[in-house]
Amino acid sequence: MQVAETIAELRAHRSRLHGSLGLVPTMGSLHEGHLALVRRARAENDLVAVSIFANPIQFNSSDDFDRYPRDLERDLQLLAAEGVDLVLAPPVTEIYPPGFATYVDVGVVTEPLEGSARPGHFRGVATVVSKLFHIFQPDRAYFGQKDAQQVMVIKKMVTDLDFPLSIVVVPTVRDQDGLALSSRNARLTAGERDAASAIPDALRAAIRLYEEGERSAAVIRAAVLERLSHEPLLQPEYVSLADTQTLRELDVLDRPALLSLAVGVGQVRLIDNVMLGEPESYGSLVG
Ligand code: AMP
């Protein structure tokens, strides 16, 4: 496994390798969710590359960025064990040298939900991902359904800016109780981690209602909020039922809907989602 800290080194390694390349962009502090993306990339490409870069311009506060968990040594061990070929783990100044001034702004799908909760977040994501696509020139890039709106933003950017690659979406990997794996889970206290299991419970309640024929967004939203309210440590920020293509809020679920939510738990903010009407997205939440 070749590990590069600079773009020049990465390009030098890349030029010596031949075959199709799958790229998995990450912010590090890797868990089984990231490894699911790596394994999918390993299965579908001759070469697998991973970037490890906590991208400061997609964080809304420098405090959140500073407290983001990091463990490069452990990450590299995990990636070597998965047979990864190339890793880029650059310092911030390598990606954003002094005077950096070019940003990618994707319209419309960046506006609601995470876009309105975290102004500038998707501009940061689209900018760094477009740089990574130019640096690695992958044939395929792998993203998690866990960040459903991010997937929509990246797909829109790839279409609008004619990036010559495919985007592959990998289902959300969950803990035993159903909580989506996230690097941020490491920052939960034991009590907060217990309380967080109300999040998958709430998603299950919504799936149950939907599968029983309920089509009122208000009824499903109320059921989700009711389940979350059992845990005083949880502070729901939004519960959305939106069109899966446009992210416009729906009153009546007359088509598949993205149920997505953001919940504060102590110092941590967790997001999760499921596509109602698309049972393959339910994954380990049901059955
Ligand atoms: P991050 O390091 O949080 O930026 O995540 C890197 C990639 O891993 C993104 O495409 C995420 O959507 C994906 N990812 C994070 N958590 C999970 C999970 N629990 N299951 C599947 N993919 C995930």
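The paragraphs below set out a description of the structure included in this document.

What counts as what
Residues numbered from 1 in each chain as written. Predicted model: local features only at pLDDT ≥ 70, side-chain atom pairs only at ≥ 80, totals over all residues. Heavy atoms only, no water. Core = buried A, V, L, I, M, F, W, Y, C linked by side-chain atoms within 4.5 Å. Buried < 20%, exposed > 50% of the residue type's maximum accessible area, 1.4 Å probe, protein only. Contact = heavy atoms within 4.5 Å. 1 Å grid on protein atoms, 1.4 Å probe; cavity = no way out; pocket = protein on both sides within 12 Å on 5 of 7 lines; lining within 4 Å. Points joined across faces, edges and corners; volume = space filled by probe spheres on them. Helix = DSSP H or I, 4+ residues; strand = E, 2+ residues; numbered from the N terminus. Nonpolar A, V, L, I, M, F, W, Y, C, P; charged D, E, K, R; others polar. Phe/Tyr/Trp six-rings, centres within 6.5 Å; stacked < 30°, edge-to-face > 60°. Lys NZ or Arg CZ within 6 Å of the ring centre and 35° of its normal. Pairing = 2+ DSSP bridges. Axes fitted to C-alpha atoms, helices over the stretch in contact; angles between N-to-C directions. Expected span 1.5 Å × (residues − 1). Near = heavy atom within 4 Å. Polar contact = N/O pair within 3.5 Å; in protein donor to acceptor, adjacent residues only side chain to side chain. Areas by Shrake-Rupley, 256 points an atom, 1.4 Å probe, with all protein chains shown as cover.

## What about the nonpolar core?
- Counting residues in hydrophobic clusters, the biggest one holds 44 residues, and the most contacted among them are Val 129, Phe 133, Phe 136, Phe 143, Ile 154, Met 157 and Ile 167.
- Those residues in contact with Met 157, other than ones at most four positions away along the chain, are Val 104, Val 106, Ala 126, Val 129, Ser 130, Phe 133, Asp 162 and Phe 163.
- Judged by nonpolar contacts, the second largest core, of 31 residues, contains Ala 196, Leu 228, Leu 250 and Val 265.

## Description of the layout of surface pockets
- The space that makes up the second largest pocket amounts to roughly 260 Å³.
- Among the elements that line the lining of the second largest pocket, the one with the most residues is helix H8 (residues 148-160), at five residues.
- Residue composition of the lining of the second largest pocket, grouped by class: six nonpolar, three polar and three charged.

## Notes on the packing of aromatic side chains
- Tallied over the entire structure, the rule returns seven aromatic pairs.
- Ring plane angle 75° and centroid distance 5.5 Å describe the contact between Phe 59 and Tyr 68, whose orientation is recorded as edge-to-face. When sorted by exposure, Phe 59 lands in the same class as Tyr 68, which is buried.
- Among the aromatic residues, those joined into a cluster by ring pairs are Phe 53, Tyr 96, Phe 100 and Tyr 103.
- Lying over the aromatic face of Tyr 103, Arg 123 brings its terminal NZ or CZ to 4.2 Å of the ring centre.

## Considering the sheet that holds strand E8 (residues 257-265)
- With respect to topology, three strands assemble into an open sheet ordered E7-E8-E9, the strand pairing being antiparallel. Bordering the open sheet on either side are strand E7 (234-243) and strand E9 (268-276), each of which pairs with just one other strand. For this sheet, the mean angle separating the axes of adjacent strands, direction not counted, is 15°.
- Against the sheet, helix H10 (residues 198-211) contacts E7, E8 and E9, and its axis sits at roughly 20° relative to E9.

## Points about the sheet that holds strand E2 (residues 21-26)
- Strand order in the open sheet made by the six strands is E1-E4-E3-E2-E5-E6, with parallel pairing throughout. Each having just a single partner strand, strand E1 (2-4) and strand E6 (166-170) make up the two edges of the open sheet. Averaged over all pairs of adjacent strands, the angle between strand axes in this sheet comes to 25°, irrespective of strand direction.
- The pairing of E2 with strand E5 (residues 140-144) spans two bridges and is parallel. In the strand pairing of E5, Leu 23 is matched with Ala 141.
- Packing of helix H2 (residues 32-44) onto the sheet brings it into contact with E2, strand E3 (47-52), E5 and E6, and relative to E5 it is tilted by some 155°.
- Sheet contacts for helix H4 (residues 72-81): E1, E3 and strand E4 (86-88); angle to E3, the most-contacted strand, approximately 170°.

## A look at H8
- Over its 13 residues, H8 extends 19 Å from the first C-alpha to the last, a length consistent with the 18 Å expected when each residue adds 1.5 Å.
- Where H8 ends, the next residue or the one after it, Asp 162, has phi of about 60°, a positive value.

## Notes on the pairing of E6
- Two strands pair when backbone bridges link them, and E5 and E6 are joined in this way by five bridges, in the parallel orientation. Looking at E6, one finds that Ala 141 is bridged to Ile 167.

## Quick notes on the site of the ligand
- Of all residues adjacent to the ligand, which total 17 residues, the nearest are Met 27, His 34, Asp 147, Val 173 and Leu 181.
- One of the side-chain N or O atoms of Asp 147 is found 2.6 Å from an oxygen atom in the ligand.
- In the complex, the protein chains occlude 93% of the 480 Å² of accessible area that the ligand would expose alone.
- Broken down by secondary-structure element, the contributors of at least two residues to the shell around the ligand are E2, H2 and E5.
- The greatest single-element share of the shell around the ligand, amounting to three residues, is contributed by H2.
- Counted by class, the shell around the ligand contains eight nonpolar, seven polar and two charged residues.

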